[in-house]
Amino acid sequence: QSVRLPQRATSAGWAILRTDGYTHVDGVRMTPTRCAQVQCARLDAPTNGSRAITMAPGAGYYRFVGVEIGVADAVTMVNMIVLLGTDPVSRADTSLGPVHLIGTYIHGRGVSSQVTRCVVAHASGTIIEDSWLDECRKPGQDTQAIAAWNSRGPLRIVNNYLAGCSENVMFG
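On a predicted model such as this, the values are computed, not experimentally measured, just so you know.

Calculation rules
- Residues numbered from 1 in each chain as written.
- Predicted model: local features only at pLDDT ≥ 70, side-chain atom pairs only at ≥ 80, totals over all residues.
- Heavy atoms only, no water.
- Disulfide = S-S within 2.5 Å.
- Helix = DSSP H or I, 4+ residues; strand = E, 2+ residues; numbered from the N terminus.
- Buried < 20%, exposed > 50% of the residue type's maximum accessible area, 1.4 Å probe, protein only.
- Pairing = 2+ DSSP bridges.
- Axes fitted to C-alpha atoms, helices over the stretch in contact; angles between N-to-C directions.
- Phe/Tyr/Trp six-rings, centres within 6.5 Å; stacked < 30°, edge-to-face > 60°.
- Lys NZ or Arg CZ within 6 Å of the ring centre and 35° of its normal.
- Salt bridge = Lys/Arg side-chain N within 4 Å of Asp/Glu carboxyl O.

> Go over the state of the cysteines with me, naming the residues and quoting the values.
Tallied over the full model, the rule gives one disulfide. For C118, the disulfide goes to C136, at an S-S distance of 2.0 Å. Across the disulfide from C118 to C136, rotation about the S-S bond amounts to roughly -95°, and the bridge is consequently left-handed. Of this pair, C118 sits in strand β10 (residues 114-121) while C136 sits in strand β12 (residues 132-136), and the two are 18 residues apart along the sequence. A relative accessible area of 0% places C118 in the buried class. This cysteine, C165, is not joined by any disulfide, and C136 carries the nearest cysteine sulfur, 9.1 Å off. Taking the relative accessible area as the measure of exposure, C165 reaches 59% and is therefore exposed.

What follows is the structure in structure tokens.
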């Protein structure tokens, strides 16, 4: 299951997508083992070239807490699992609001999947905290756990396990 985050009125407050019964403790990083223990809700990039999370123009004020985000079993190649932005190559979309990934487990599927980037963070006010980003690899190509080149910022990246094959975090 993948999700496209729709535009929301900022006056509506935050939309929180979390695993039922999961309580996040600040400073405690999600791990693959912990995610399995709490039976994290899961979002997947469903097909080759697709994404697990994308945003519509004007989307924002979403918080993912204790969620596993990956690629479906049949998927062998994706450019990015999570795109926090509307287009990975055009100018920064100034209408995008913040998205927070808190205590998430974002990953490829080992050698059976090729992932160029786990998260592309173009939305303003992006926070990635206490999360585990792993298996971001694609033979013969630079890969990143987190990349941002069209963000207005600020970006907050705190207390994460980051495993990109080439660079863990890339800006510019």
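And the narrative resumes.
> Provide a residue-level description of the sheet that holds strand β14 (residues 155-158), including the pertinent values.
The strand order β2-β5-β8-β11-β14 describes an open sheet built from five strands, whose pairing is parallel. The two strands at the open ends of the sheet, each matched to only one other strand, are β2 (15-18) and β14. Geometrically, the sheet is characterised by an average inter-axis angle of 5° between neighbouring strands, direction not taken into account. As paired elements, strand β11 (residues 126-129) and β14 share four bridges and run parallel to each other. Looking at the pairing, T126 lines up with L155 of β14.

> Residues and numbers for the sheet that holds strand β15 (residues 161-164), please.
Judged by pairing direction, the sheet is parallel, and its five strands sit side by side in the order β3-β6-β9-β12-β15 without closing on themselves. Bordering the open sheet on either side are β3 (41-45) and β15, each of which pairs with just one other strand. Taken pair by pair, the neighbouring strands of this sheet meet at an average axis angle of 15°, ignoring direction.

> Go over the packing of aromatic side chains, please, and point to the residues and values.
Taken as a whole, this structure holds two aromatic pairs when the rule is applied. Judged by centre distance (3.9 Å) and plane angle (15°), the ring pair of W132 and Y161 falls under stacked. Of the two residues, W132 is situated in strand β12 and Y161 in strand β15; the sequence distance between them amounts to 29 residues. We classify Y161 as partly exposed; its relative accessible area is 32%. When the ring centre of Y62 is taken as origin, the NZ or CZ atom of R8, which lies over that ring, is 5.3 Å away. Seen from the ring of W14, R63 lies directly overhead, with NZ or CZ sitting 4.3 Å from the centre.

> If you had to explain the pattern of salt bridges to someone new, which residues and values would you point to?
One pass over the structure, following the stated rule, counts three salt bridges. Of the charged contacts, one joins R42 and D44 as a salt bridge, the two residues approaching to 2.8 Å between their closest N and O atoms. Given the relative accessible area of 13%, D44 is considered buried. Residue E68 pairs with R42 through a salt bridge whose shortest N-O separation is 2.5 Å.

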